[in-house]
Amino acid sequence: MKMAPRVRFAPSPTGALHVGGARTALFNWLFARHHGGTFILRIEDTDRSRSTEESIEEIKAALRWLGLDWDEYYRETERFPLYQEAAERLLAQGKAYEREGAWWFRVPRPGTTVVHDLLLGDVAYDHGLIKDFVIRRSDGSFTYNFACAVDDADLGITHVIRANEHLNNTPRQILVYQALELEMPEFAHLPMVLSKERTKLSKRHGATSVFEYRDRGILPEALINFLVRLGWSCGDREIFSKEEMVALFDLKDVNVSAAVFDEEKLLWLNQHYLKAGDPERLGELLREFLMRQGIVSEEEAEAIPKAKLAKAIELFRERSETLVELAEKARFILSDRLEYDPKGVERFLTPEKGPLLEGLLEELAGLDESEFTAPRLEEATRAYLARAGHQLKEIAQTCRVALTGKTEGPGLFETMEVLEKAEVLTRLRRGLELIRQGQGA
Ligand code: GLU
C-alpha cells in the first residue's frame, strides 16, 4: 500500500451495536492496524429523529468492550457547515435543484456509473435506473448518501469497507464525488451474514447485539474471533488471537460468498478462550459479569479478592461454556448468600449426621489458617474420621451441601481451600443449624 490507509466505521446511532455492525467495525479496524493506518469512528447522526445519545454511548461501549479502539472521532451533526457549503456549490452549478423545499441531486442522463469493488469486481449501474435523489431535506438536514460522500472525501478516507447492503448506495455516492470533483476512495463491500437457515440474520435467530452476547457470558476475545471468520479466512484455521488477526488480515482473503452465523461455533470458541485464558484476566471479566447481572451486589463484587476469582475460573472453566454457567457454578464461592438445593438438604443434612459434622467442625477449627490447603485438609479430615471410626463417604455429601448448598461440585477439599477457614467454619455451623431445624420440624 502506497500510503497508510484511513478507514472508518460509520454507524447510525439508532439502536444497539449488532453483530453485523461489529463485524464491519472489526474488518476496518484490522485493515487499519495491519497496514499501520488510521481507524476512524464516525457517528452518522444526521437523521435526528432516529438517532439517540444512548445509542451513541452503547456503540462506543460495545467497541471498547471488544477492544476496537479508534484514532479519530466525528459526529456528523457537528459537521453541518461542510455539507451546507458542498450542497450550495452543487446548487450554484446547476448540479442540484430545489423542489418543494428539498434539494435534489440531478443525475446526469444518459450515463453509467461503475463501482470498482475490491471484492466484487466491477458493478455497473445505468443512470436510467437511478432517480434524482434528495441531498438536503426540507428541514435543512442532509441525507446519508450526500453527507457520507462529503465526509469520506473530507476525512481523506482511502477505503470504504462496509456491509453489502450499501452497494446500491455506492453509485449515488460516486456521482456526488464526481459532481464535487472530490477524490474517490476504494470500495469493498463485505459479504452478507446469513442465519443457519440461510435467511437474513435477525432478532429471531437469537441475540444479535454485542451486549446481548456479553450478557450471555460470551468473552470479547471469543466474539472477535467468531466475527473475523464471518467472511475472512486463513487456510482452515479457526483460532486467532487479536495480534494474529492483525498480522494476517488482508482484504484479499475476504470471501465474496455469504457467511453463515453459527452460534454453536461461537460457544465452542468461547469455551476455548475460557479454558485457555489467563485466570486473573478472566476473573476480572467474571467480576464485571457478576456485577452487571446482579448476581452479587456491586460492593460484594468489588470486595472479592482477585485470587478468589482466578481460583473460581480455574475450578470451573473445564465444565463451563459461558460465564453464565461458570458464575452459576462458582456462585457459592463468590457470594455468602447460599442457595440450598432442598433435595440435598433433605437427604444429607439429616440428624444422624449431626455429631459427625460437629466433630469435623471442631477438628477443622483446630487447624491453622495456613493449613487450609486441599492436601492438608484431606489428611486432617481422614485422620479425624479414622479416630471416630467412620469413612469419608459418610460425611462428604453432608459437608458439600453445608459448604455449597449443592450436591455437585469440585472436590470437597479444593472447595474448602478456596472458601478459606473462616467461611468453612461459618458454613459448617450453618449446616448444623439446618440439621437442628430439621429435627425440630
Ligand atoms: N450509517 C451507515 C450504516 O450504519 C453507514 C454506511 C457506510 O458505512 O457508509 O449502515
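The text that follows walks through the structure, step by step, so that each part is easy to find. (Residues numbered from 1 in each chain as written. Predicted model: local features only at pLDDT ≥ 70, side-chain atom pairs only at ≥ 80, totals over all residues. Heavy atoms only, no water.)

Some points on the environment of Ala-307
Topologically, Ala-307 is positioned in helix α12 (residues 306-316). Accessibility expressed as a relative area gives 55% for Ala-307, which makes it exposed. Residues Ala-307 and Val-418, spaced 111 residues apart in sequence, show a C-alpha to C-alpha distance of 9.3 Å. (Helix = DSSP H or I, 4+ residues; strand = E, 2+ residues; numbered from the N terminus. Buried < 20%, exposed > 50% of the residue type's maximum accessible area, 1.4 Å probe, protein only.)

Observations concerning helix α5 (residues 170-179)
Of all 10 residues making up α5, eight are buried, and the element is well covered by its neighbours. Taken residue by residue, α5 has Thr-170, Pro-171, Gln-173, Ile-174, Leu-175, Val-176, Tyr-177 and Ala-179 as its buried positions. Positive phi appears at Glu-181, one or two residues downstream of α5, with a value of about 55 degrees.

A few points about the site of the ligand
As a matter of local geometry, the ligand sits amid Arg-8, Ala-10, Pro-11, Ser-12, Glu-44, Tyr-144, Cys-148, Arg-162 and His-166. Note that a nitrogen atom of the ligand is positioned 2.8 Å from one of the backbone N or O atoms of Ala-10. Protein chains bury 82% of the 300 Å² of accessible surface belonging to the ligand in isolation. (Near = heavy atom within 4 Å. Polar contact = N/O pair within 3.5 Å; in protein donor to acceptor, adjacent residues only side chain to side chain. Areas by Shrake-Rupley, 256 points an atom, 1.4 Å probe, with all protein chains shown as cover.)

Topic: the sheet that holds strand β5 (residues 102-105)
Read across the sheet, three strands follow the order β4-β5-β8 without closing on themselves; strand pairing throughout is antiparallel. The sheet terminates laterally at β4 (96-99) and β8 (133-136), the two strands that pair on one side only. Within the sheet, the average angular offset between the axes of one strand and its neighbour, ignoring direction, is 45 degrees. (Pairing = 2+ DSSP bridges. Axes fitted to C-alpha atoms, helices over the stretch in contact; angles between N-to-C directions.)

So, helix α17 (residues 396-404)
For α17, the buried fraction is high: eight of the nine residues fall into the buried class. Buried within α17 are the following residues: Ala-396, Thr-398, Cys-399, Arg-400, Val-401, Ala-402, Leu-403 and Thr-404. A positive backbone phi angle near 85 degrees is found at Gly-405, which sits one or two residues after α17.

As for the pairing of strand β2 (residues 38-43)
Most of β2 is tucked away, with six of its six residues classed as buried. Of the two faces of β2, the one lined by Thr-38, Ile-40 and Arg-42 and the one lined by Phe-39, Leu-41 and Ile-43 are each fully buried. Here strand β1 (residues 6-9) runs beside β2; their pairing, made up of four bridges, is parallel. Considered in β2, the bridge of Val-7 is made with Phe-39. Crossover β1 to β2 through helix α1 (residues 19-34) is right-handed. The sheet contact formed by β2 and strand β3 (residues 72-75) spans four bridges and is parallel. Residue pairing for β3: Ile-43 is matched across the bridge by Arg-75. (Right-handed = clockwise from strand over helix to strand, strands pointing away.)

Section: the side chain of Thr-322
Among the structural elements, Thr-322 can be located in the loop between α12 and α13 (323-334). Judged by its relative accessible area of 7%, Thr-322 is buried. From its side chain, Thr-322 meets the backbone nitrogen of Val-324 in a polar contact 3.2 Å long. A distance of 3.2 Å separates a polar atom in the side chain of Thr-322 from the backbone nitrogen of Glu-325. Not counting residues within four places of it along the chain, the set of residues in contact with Thr-322 comprises Arg-216, Gly-217, Ile-218, Leu-267, Asn-270 and Leu-274. (Contact = heavy atoms within 4.5 Å.)

Some remarks on the nonpolar core
Ranked by size, the top nonpolar core spans 106 residues in total, and within it Leu-223, Leu-286 and Leu-364 carry the most contacts. Ranked by residue count, the leading element in this core is helix α18 (residues 412-440), at 10 residues. When sequence neighbours within four positions are dropped, the list of residues in contact with Leu-223 reads Trp-65, Leu-66, Val-210, Tyr-213, Ile-218 and Leu-266. If you look at the next biggest cluster of nonpolar residues, it comprises 30 residues, including Ile-135, Phe-146, Val-160 and Leu-180. (Core = buried A, V, L, I, M, F, W, Y, C linked by side-chain atoms within 4.5 Å.)

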